[in-house]
Amino acid sequence: MQLIVDQSLNIVKGIKYRQKHHVDSSSIDLYGDFIINCTGRNISSVKWLKESFNLIVPTIQIHFGLGYATFIGERFKTGDPSLDSKHIIGYALNAFDKNAGFGITPIREIKTMDENSLGTLSTLLLQCVNYEYPPNDSYENLLEWIKEKLDPECYSIFKSTKICSPLVSYRRTIDDRKRVGQLGKKWPQNYVLLGDTICTFNPTYGQGVTHACRQARELRKIFQENCHKLKDISHIFNRRASAITEECWLLSTTNDWKTPILKIIKGDPKVLTRFV
Ligand SMILES: Cc1cc2nc3c(=O)[nH]c(=O)nc-3n(C[C@H](O)[C@H](O)[C@H](O)COP(=O)(O)OP(=O)(O)OC[C@H]3O[C@@H](n4cnc5c(N)ncnc54)[C@H](O)[C@@H]3O)c2cc1C
């Protein structure tokens, strides 16, 4: 994807795109009066703005080494009825001394002849910060990790669970903010970023969906106010959207600063400043 712009007027007029699975196909030009980029966390908006307007978007990334391993499993009796009677169990992370956590949530009941089965399929999740990742190469290695990082009750539950799905890991979560509000009128007209395209957060604090919905509501409000010129809307939105991002950012990142191994990357991604 690429932006279609009028550089002299500082306006985005459309996007040029190519189908993901047909990279050899010719590109298609899509024009619009106002373009909202809400394509999520993996988008190259910073690169496009640099290419099209030589605009450097101030950014900050906080890498705190969050990682997950998750699977679907059938739980069996542990020998401790007080543990077996709990269907929803969790243990939250709290850096810097509790860098591992877990969560178990039932999905549905199953029919089984095995009297040791608890008769439910559950989602089991292990998580960490500080790059102390739960392994996903084998269940045996994962059990060793649990034994080392979590309490004996947790180990007992996982040890008596039968894994019924692949062991899936996810390690790409960071706090990643584009400070669009700082750019004022340098930001192009008729183009905005919204939701994860502006900022991604540590999912532990559940701010991402709220952030995207609040920004979408704010944009609708700006249009409904019916008193703004179209050319001003991206700047008005960036100002208001940044205030929303700031609230979610404070809620999500405050705890992350306690992570022992923290990597902060500030600035233009091509001219990075790193602190470890
Ligand atoms: C592991 C994990 C757990 C999370 N847990 C929570 C939670 O518990 N609570 C919470 O609030 N948030 C959570 N989040 C964050 C939340 O998922 C996001 O903040 C939220 O989905 C952002 O919404 P969005 O609409 O901005 O982006 P997205 O939901 O990412 O939507 C963007 C959409 O654009 C599409 N798209 C991308 N590129 C193109 C293209 N070129 N053309 C067409 N379409 C395109 C994508 O396919 C996608 O459907 C979690 C995130 C992760 C990674």
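Residues numbered from 1 in each chain as written. Predicted model: local features only at pLDDT ≥ 70, side-chain atom pairs only at ≥ 80, totals over all residues. Heavy atoms only, no water.

**Q** Got a sec to walk through the state of the cysteines? Specific residues and values, please.
**A** For the structure shown, the criterion picks out zero disulfides. No disulfide involves Cys154; its sulfur sits 14 Å from that of Cys128, the nearest cysteine. A disulfide-free cysteine, Cys199 has its sulfur positioned 8.0 Å from the sulfur of Cys248, the nearest such atom. (Disulfide = S-S within 2.5 Å.)

**Q** Outline the domain arrangement of the chain, supporting the account with residue identities and numerical values.
**A** The domain architecture assigned to the chain consists of domain 1 (2–63 + 174–275) and domain 2 (67–170). Centre-to-centre, using C-alpha coordinates, domain 1 lies 37 Å away from domain 2. Taken together, the ten residues of domain 1 in the interface contact ten residues of domain 2. Buried area between domain 1 and domain 2, summed over both chains or domains, comes out near 770 Å², and the portion from carbon and sulfur atoms is 51%. (Domains from an automatic or database assignment. Contact = heavy atoms within 4.5 Å. Buried area = accessible area lost by both parts, 1.4 Å probe.)

**Q** I'd love a proper account of the sheet that holds strand 3 (residues 28–31), names of residues and values included.
**A** Strand order in this open sheet of three strands is 1-2-3, and the pairing throughout is antiparallel. One side of each edge strand has no neighbouring strand; the edge strands of this open sheet are strand 1 (2–6) and strand 3. The average angle at which neighbouring strand axes cross in this sheet is 30°, direction not considered. Summarising the sheet, strand 2 (residues 11–17) and strand 3 pair through four bridges and their orientation is antiparallel. Its bridge partner lying in strand 3, Tyr17 is registered against Ile28. Contacts from helix 1 (residues 45–53) reach strand 1 and strand 2 within the one sheet, and its direction differs from that of strand 1 by about 35°. (Pairing = 2+ DSSP bridges. Helix = DSSP H or I, 4+ residues; strand = E, 2+ residues; numbered from the N terminus. Axes fitted to C-alpha atoms, helices over the stretch in contact; angles between N-to-C directions.)

**Q** Could you give an account of the site of the ligand, naming the residues involved and the relevant values?
**A** Met1, Thr39, Asp196, Gly208 and Val209 are the nearest of the 14 residues found near the ligand. A distance of 2.7 Å separates an oxygen atom of the ligand from a polar side-chain atom of Asp196. Take Val209: an N or O atom from its main chain is 3.0 Å from an oxygen atom of the ligand. Relative to its unbound accessible area of 1000 Å², the ligand is 48% covered by the protein chains. Here the shell around the ligand is built from residues that sort into six nonpolar, six polar and two charged. (Near = heavy atom within 4 Å. Polar contact = N/O pair within 3.5 Å; in protein donor to acceptor, adjacent residues only side chain to side chain. Areas by Shrake-Rupley, 256 points an atom, 1.4 Å probe, with all protein chains shown as cover. Nonpolar A, V, L, I, M, F, W, Y, C, P; charged D, E, K, R; others polar.)

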